[in-house]
Every structure is written in C-alpha cells, then in structure tokens.
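# Examining the three-dimensional arrangement
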Amino acid sequence: MTRRTVLLLLVVVVLAALFAVLHGAVSDPGAARLASASESPAPERGSIAAIPSSAPDLLGVREGELCGYGRFAPGEGHLLPAEVEQGARVLLARLRERVLREGGPRQQAQVQLVHGARELRERAEACGESASCMAGVEAASDALAQDLAERATRSRDPELMVLALKACGPMSGAPACAGVTPAAWAERDPDNARAWLAMLRTPGLDDAQRATIVARAAAAKTADPRLDGLLALATEPEVSGASTPVRLAALIPVLGMAAAMPLRGQSEAERYCKAPVRTAQERADCTRLADLLIDRGRTMSEHLLGRRLGRGLGWSEARLEGLTLESHRLSRVLAPPAIESFFDFFNCAQAEHLDRRIGYTLGEGELAWARRQLRAAPPAEPLALPNPLRVGPSEVGR
C-alpha cells in the first residue's frame, strides 16, 4: 500500500471511527474500540467495518440539525454550514497560536497533532491524482512526525510518547521516529499495563520476553490507553467559550483524532494467554492481568479485553456471564441518545452527551464513572443477557 493510499484512506478511517464513537453504534464503547482496532500497519486503528449499519445515511441524508443553529444541509466541500466551519477554523488557529506561544509541552503536542492531521487531510483531498502534490503531503507528514517525535523523546511525559506513536506510523520517514517505540512508552509509564501490552507487538520477541512483558503488565497499578488526553483541548477557553455550533465544529477534528488513536498489543495478549502450553506462573500472570483490566481499567476497552483474556484462560461460564451482564449495564449508562442518521449527532441532545462524556473522560474515566452511576441508581429490573443471535443493540458485551 502506497503512502498516498494510506493518507487518503485515513480520511475515511477518521470519519468512520468518529461516527462509531459518537453514535454509539456498538453500545459497549470498549467493543467499539476493539472492533475498529485493526492493528494493521496502516491505518493503525479504524476500518470500514467500524461503520454501523445505518452509515449509508452519510451518503443519502439531505439535512440535519446543528445545536444552536437549526436545520442545515451539507454542501459540496463542507460537512456543516460553511460559516460555522470557517468559524471553527479561525478558533482552532487562534488556539494553536496561543498554545504554541504560552502552553505547556503536552498542550503544544496535542494542538500540533490535531492541526497537522487536519491540514494533511485537506491537502490530500485536494491533490487528486497529482503525484507531485502528494509528495508534498508526504513531506509535510514526515515533518509533523519529526516534530512530535522530538518533543516526545525530550520529555518524560508518557502522553507525548503516545501522541508521537500515532504520528510515527510504520511508513514515516522522520529520523526522530526511531526513538518512538512502545518500549519508550513503558519506560515513561511503568505502572500502566497498557504501555507494557503495546510492547507485545515488537517484532522478534521470543517466549521468555513475552512472559516478562505480560508479568510487568500484570504487576501494574492501572490500565490506561491514554487515548483521550486530546479531549483536554475541549476545555481550552477558545473552545469552551465559543458558540455551540462553532464549538461542535471545532471538536470534530479533536474527536476524530482521539477516536483514531490505536490500541496496541490486544490480539497478541489474547494469543499469548490462551495458549495451552503456559506454565502455572504464566497463567497466573495472565489471570492477574485480566483482573487488573476489568477492575482498574480506565475505559470499557479494558473491560472487554479482560473478559476476552478470561475466556481464553477458561474462566467459568457463570463468571463470564456475570461480566457480560455488567458490561451490558455499564454500556447502557454510557450510551448516547439514539439517532437515526449521521447528522443527528450534531443536535442538542448529542451535544449535552458529548459535554458529559468529556467531563468524565478527563476526570475519573468512563469505567469508574459508569460504575459509580450504577451504584447510585441500580437497575430497577433484572436485565436479560444479550441475545447473540439478534442483530442490534442487544449484542452489547458479546
């Protein structure tokens, strides 16, 4: 696959991932992330398969409702009303200018990634079939990766390394990306199981090295994929103080980039832990890791991965059923209001849900927040387990 194809495909990937996350197409957010985590070299996360069954509305819908604006019809070259999108561009440019002047290292890396990705997408779309134009886009992509890699390698902040890992794809030509690795993330984030799991994708690992990595992951204190730090940009004064329509438009590239961040090492962890030749110690490490992901993971992604590891380890059906039921209940707490088409996620009900999601994501995390909501208001009636043969929301948690 050429780099030109990769850059153009990423346009579709980000829209697909954004739609899946905001729409709640897979009501278990962890399932949504896992379903869109192809872990293939390019794109790193997201796939056409992540688009829900109602996604043809993206092509056939004629109008939508934008909170604070009213009804609108998408036009050629713009998703939202042109004046709203222009307002969002101005807002993001002002935000970037201020943050690069006076912001901290993490803020600066965040705005550089969001701004750079948006600029690359727009330039790639405008290139058409021009090879010389795409060569310029590729050079700009390498320059962005070089900038973020240099920032990450100079810092001990694991968030910067995760952002750089996103920018330094497998086809990047940026020299500084050589120092951007999952091992560098784990070095900066040793108590985070997610950082160690990312190392499982390192080429050439032998069984002893995999066992050491899983043991370190199992001994960690938390499991945080660090995917949602970009949402902190929503709290910057330029964004939070804008009118609702412009704020929503400005958040689209932020949410799209957060949704497209990769989850590394998941399939490798599953394969390792379900292998029948594991020693007693290795199985114990896998069990501790699964418990950690379920009990102390930050997102529903960890809950789902923990359940998958448990299934591979041969946990009882009663235990797995209980975890699936918990996932179903948590997912209902986290689910956004129902929508019928792509453009419904710009309405006021979705805007309120988005504000709530940003709040708990940046606070205690979605899994802890959802559990607290359930403790405060337990389900009034027993909830039936999802029917795996039925297509629709009842598939949650499987």
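Here is a short report on the structure shown in this document. Since the structure is predicted, the reported quantities are computational estimates derived from the model, not experimental observations.

What follows deals with helix H6 (residues 131-154). When the terminal C-alpha atoms of H6 are compared, their 35 Å separation across 24 residues agrees well with the 34 Å that a helix rising 1.5 Å per residue should span. The complete set of buried residues in H6 reads Met 134, Val 137, Ala 140, Ser 141, Asp 142, Leu 144, Ala 145, Leu 148, Ala 149, Arg 151 and Ala 152.

The phi angle at Arg 226 is positive, at roughly 55 degrees, despite the residue not being glycine. Looking at where Arg 226 falls in the secondary structure, it is placed in the loop between helix H10 (207-218) and helix H11 (237-240).

A word on the environment of Ser 341. Tracing the sequence through the fold places Ser 341 in the loop between helix H16 (317-334) and helix H17 (348-362). Remark: the alpha-carbon pair of Ser 341 and Glu 63, spanning 278 residues in sequence, is separated by 9.6 Å.

Our next topic: the packing of helix H12 (residues 244-259) against H17. One way to put it is that H12 packs onto H17 with a least axis distance of 12 Å and a crossing angle of 50 degrees. Overall, the two elements H12 and H17 adopt an arrangement that is oblique. Once H12 is placed against H17, the crossing between them reads as left-handed. Between H12, through Arg 247, Leu 248, Leu 251 and Leu 255, and H17, the contact on the second element is made entirely by Ala 351, Leu 354, Asp 355, Arg 357 and Ile 358.

This structure, assessed with the given rule, holds 2 aromatic pairs. Judged by centre distance (6.4 Å) and plane angle (75 degrees), the ring pair of Phe 72 and Phe 346 falls under edge-to-face. Note that Phe 72 is positioned in strand E2 (residues 70-72) and Phe 346 in the loop between H16 and H17, a separation of 274 residues in sequence. Of the two residues, Phe 72 and Phe 346, neither departs from the other in class, the shared state being buried. Seen in terms of ring centroids, Tyr 360 and Trp 369 are 4.3 Å apart; in terms of plane orientation they differ by 20 degrees. Their pairing is stacked. The class of Tyr 360 is buried, set by a relative accessible area of 7%. Seen from the ring of Tyr 272, Arg 278 lies directly overhead, with NZ or CZ sitting 3.8 Å from the centre.

Moving on, we come to the state of the cysteines. Summed over all chains, the structure comprises 4 disulfides. Shown here is the disulfide that connects Cys 127 with Cys 133, its sulfur atoms set 1.9 Å apart. Between Cys 127 and Cys 133 the disulfide shows an S-S torsion of about -70 degrees. By sign, it is left-handed. Among the residues examined, Cys 127 registers a relative accessible area of 6% and is labelled buried. In this model Cys 273 forms its disulfide with Cys 286; the gap between the sulfur atoms is 2.2 Å. Here the S-S torsion is close to -85 degrees, and the disulfide linking Cys 273 with Cys 286 is therefore left-handed. Of this pair, Cys 273 sits in helix H13 (residues 266-274) while Cys 286 sits in helix H14 (residues 280-296), placing them 13 residues apart in sequence. For Cys 273, a relative accessible area of 2% gives the class buried. Sequence-ordered numbering of the bonded cysteines in the chain gives a disulfide pattern of 1-8, 2-3, 4-5, 6-7.

In this section: the pattern of salt bridges. Across all of its chains, the model carries 29 salt bridges by this definition. Between Glu 159 and Arg 226 there is a salt bridge; the shortest N-O distance is 3.3 Å. In this pair, Glu 159 is assigned in helix H7 (residues 158-167) and Arg 226 in the loop between H10 and H11, connecting sequence segments 67 residues apart. Two residues, Arg 278 and Glu 282, come together in a salt bridge whose shortest N-O distance is 3.6 Å. Here Glu 282 falls in the buried class, since its relative accessible area comes to 16%.

Looking at where Asn 192 falls in the secondary structure, it is placed in the loop between helix H8 (182-188) and helix H9 (193-198). By relative accessible area, Asn 192 is classed as buried at 0%. A polar side-chain atom of Asn 192 sits 2.9 Å from a polar atom in the side chain of Asp 189. There is a polar contact of 3.0 Å between the side chain of Asn 192 and the backbone nitrogen of Arg 194. Non-local contacts of Asn 192, meaning those with residues more than four positions away in its chain, are made with Trp 185, Ala 220, Thr 222, Ala 223, Asp 224 and Arg 226.

So, on to the nonpolar core. Grouped together as the largest cluster of nonpolar side chains are 96 residues, with contacts concentrated most on Leu 230, Leu 289, Leu 309 and Phe 346. A total of 10 residues in this core trace back to one element, the largest contributor, which is H12. With near-sequence residues (within four places) excluded, Leu 230 lies in contact with Gln 110, Leu 113, Val 114, Leu 163, Val 254, Met 257 and Ala 258. Residues Met 300, Tyr 360, Leu 367 and Leu 374 belong to the second largest nonpolar core, which totals 8 residues.

Quick notes on the rules
- Residues numbered from 1 in each chain as written.
- Predicted model: local features only at pLDDT ≥ 70, side-chain atom pairs only at ≥ 80, totals over all residues.
- Heavy atoms only, no water.
- Helix = DSSP H or I, 4+ residues; strand = E, 2+ residues; numbered from the N terminus.
- Expected span 1.5 Å × (residues − 1).
- Buried < 20%, exposed > 50% of the residue type's maximum accessible area, 1.4 Å probe, protein only.
- Axes fitted to C-alpha atoms, helices over the stretch in contact; angles between N-to-C directions.
- Parallel < 35°, antiparallel > 145°, perpendicular 65-115°, else oblique.
- Left-handed = near helix turned anticlockwise from the far one by under 90°.
- Contact = heavy atoms within 4.5 Å.
- Phe/Tyr/Trp six-rings, centres within 6.5 Å; stacked < 30°, edge-to-face > 60°.
- Lys NZ or Arg CZ within 6 Å of the ring centre and 35° of its normal.
- Disulfide = S-S within 2.5 Å.
- Salt bridge = Lys/Arg side-chain N within 4 Å of Asp/Glu carboxyl O.
- Polar contact = N/O pair within 3.5 Å; in protein donor to acceptor, adjacent residues only side chain to side chain.
- Core = buried A, V, L, I, M, F, W, Y, C linked by side-chain atoms within 4.5 Å.

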